[in-house]
Amino acid sequence: MSWKSREELDEEYFKRVREVKKKILSTEKEPDDKQISVQEEDILDEKLLDKEKDFSISTETTFEKKEEESYAKPQEIEVIEEQAVAEKETIDYSFLVNILEKAKEGKKKERLSSIDDLSQYLDKDEVIQSLVEIARKDPYHICRAKAVSILADKIKNRYVKDLILEQLKDSSKEVRKWVIWALKSEIQDKAIQDALIRHLMYTESSKEIKMWIINALSSCIDNEDVEYTFLRLIKSSLSFEIRSLIIDALLPKIYDSEVLYGLSNHLFKEPDKTIRKKIILALKKINNMDAKFTLERFLKIEKDKELKALLSSTSN
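These figures come from a predicted structure and were not determined experimentally.

### Looking at the environment of Ser171
Locating Ser171 in the fold gives a position in the loop between helix H6 (158-166) and helix H7 (173-184). Along the primary structure Ser171 and His141 are separated by 30 residues, whereas in three dimensions their C-alpha atoms are 8.6 Å apart. If we skip the residues at most four places from it in the chain, Ser171 touches Arg144 and Arg176.

What follows is the structure, encoded as structure tokens:
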């Protein structure tokens, strides 16, 4: 059955009314066989007019109802969608609870997989708290490292930052490496700089981790505490790799009097030719009597022919 418009329905109805009217007029007669009177015809017209009005009202009401129904449908859809979202959230939360349980209580492989899955739920406090607990207490160092690496995205959270700083003392080098990686993203934080300096100077034993810390702190060389730490370090016995890393960090500040003095003194003690050459080239760029005096003095003791030639060109 096809849908008809309001105009079509009206037209059909009034057509029928006119047909009925004609039929009545043609068949109904008075007792004396006379046709209906003019007055009665007027009355009939009034009744028909009333019926037309009634039909108009009823059709308007019908269309209003249809219009209301058309508005009600999107609302019903919205309710259904809200129910679907609520059901999905319930399922997601149940799934999350299952992941949290496996992350804490499962076997190594299960824990690692579940810890990785938790990275999708970092907006939930219970996940942050669980990862912090794992980073502190999990007996498997890879699980602790994985938890720290995920928490790095929340380093601005004070609770998380304190946990990561605390893990600088973790027994596993792998965990400490991820701790440095996490802290590097907020290296301009003075508290983080101070913690790394203390750890570098007094606690850390691994050469690799020391290099990670030096590399992280190098971007803060304008901080006087970092500069002072590096100048202190080159006075101590360090591996070639660490010395080279520190010298590279200090050379851009060769115009600073403290750095100039520190590197000039170190030049006389440095056993590696490549590092000596770096310092010599840096000192040559400075139009400074102290730098020239250092180079002239060093020329007298340098034995490498290439470096002697480099120093001689400086003194001319």
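Back to the write-up after that little detour.
### What to know about the side chain of Glu270
Mapped onto the fold, Glu270 is located in the loop between helix H12 (257-267) and helix H13 (273-284). Only 2.8 Å separates the side chain of Glu270 from the side chain of Arg243, close enough to count as a polar contact. Here His266 takes part through its side chain, which lies 2.6 Å from a polar atom of the side chain of Glu270. Sequence-distant contacts of Glu270, that is, excluding residues within four places in its chain, are made with Arg243, Ile275 and Arg276.

### Brief notes about helix H14 (residues 289-299)
For the α-helix, the turn length of 3.6 residues means that residues three or four positions removed from each other point alike. Of all the residues in H14, the buried ones are Ala291, Thr294, Leu295, Phe298 and Leu299. The buried residues of H14 occupy an angular sector of 135° when the element is viewed end-on, so they sit on one face. The outward face of H14, more than 90 degrees from its buried face, is lined by the exposed residues Met289 and Asp290.

### Quick look at H7
For H7, with 12 residues, the first-to-last C-alpha span of 17 Å sits near the 16 Å given by 1.5 Å per residue. When H7 is considered as a whole, its buried residues turn out to be Val175, Arg176, Lys177, Val179, Ile180, Ala182 and Leu183. Lining the buried residues of H7 we find helix H5 (141-151), H6, helix H8 (190-203) and helix H9 (207-218). With a side-chain oxygen lying 3.2 Å from the backbone nitrogen of Glu174, the N-terminal cap of H7 falls on Ser172.

### Here's the deal with the packing of H12 against H13
As a packed pair, H12 and H13 sit with axes 10 Å apart at the nearest point and diverge in direction by 135°. Taken together, the axes of H12 and H13 lie oblique to each other. H12 and H13 meet at a crossing whose hand is left-handed. Residues Leu260, Leu263, Ser264, His266 and Leu267 of H12 lie in contact with H13, whose contacting residues are Arg276, Ile279, Ile280 and Leu283. A per-class count over the contact of H12 with H13 returns 6 nonpolar, 2 polar and 1 charged.

### Quick word on the environment of Lys300
Relative to the helices and strands, Lys300 resides in the loop between H14 and helix H15 (305-315). Note on Lys300: relative accessible area 73%, which makes it exposed. C-alpha separation for the pair Lys300 and Leu311, spaced 11 residues apart in sequence, amounts to 9.5 Å.

### What about the pattern of salt bridges?
Applying the stated criterion across every chain yields a total of 21 salt bridges. With a shortest N-O distance of 3.0 Å, Lys156 and Glu186 are connected by a salt bridge. Of this pair, Lys156 sits in the loop between H5 and H6 while Glu186 sits in the loop between H7 and H8; the two residues are 30 residues apart in sequence, bridging distant segments of the chain. A relative accessible area of 21% means that Glu186 is categorised as partly exposed. Where Lys177 meets Glu208, a salt bridge forms, and the shortest distance between an N and an O atom there is 3.0 Å. With Lys177 in helix H7 and Glu208 in helix H9, this pair connects stretches of sequence that are 31 residues apart. Three or more residues are tied together by salt bridges with common partners; here these are Lys273, Lys277, Asp304 and Glu306.

Scoring rules and cut-offs
- Residues numbered from 1 in each chain as written.
- Predicted model: local features only at pLDDT ≥ 70, side-chain atom pairs only at ≥ 80, totals over all residues.
- Heavy atoms only, no water.
- Helix = DSSP H or I, 4+ residues; strand = E, 2+ residues; numbered from the N terminus.
- Contact = heavy atoms within 4.5 Å.
- Polar contact = N/O pair within 3.5 Å; in protein donor to acceptor, adjacent residues only side chain to side chain.
- Buried < 20%, exposed > 50% of the residue type's maximum accessible area, 1.4 Å probe, protein only.
- Arc of directions from axis to C-beta.
- Expected span 1.5 Å × (residues − 1).
- Axes fitted to C-alpha atoms, helices over the stretch in contact; angles between N-to-C directions.
- Parallel < 35°, antiparallel > 145°, perpendicular 65-115°, else oblique.
- Left-handed = near helix turned anticlockwise from the far one by under 90°.
- Nonpolar A, V, L, I, M, F, W, Y, C, P; charged D, E, K, R; others polar.
- Salt bridge = Lys/Arg side-chain N within 4 Å of Asp/Glu carboxyl O.

These figures capture arrangement, not role.
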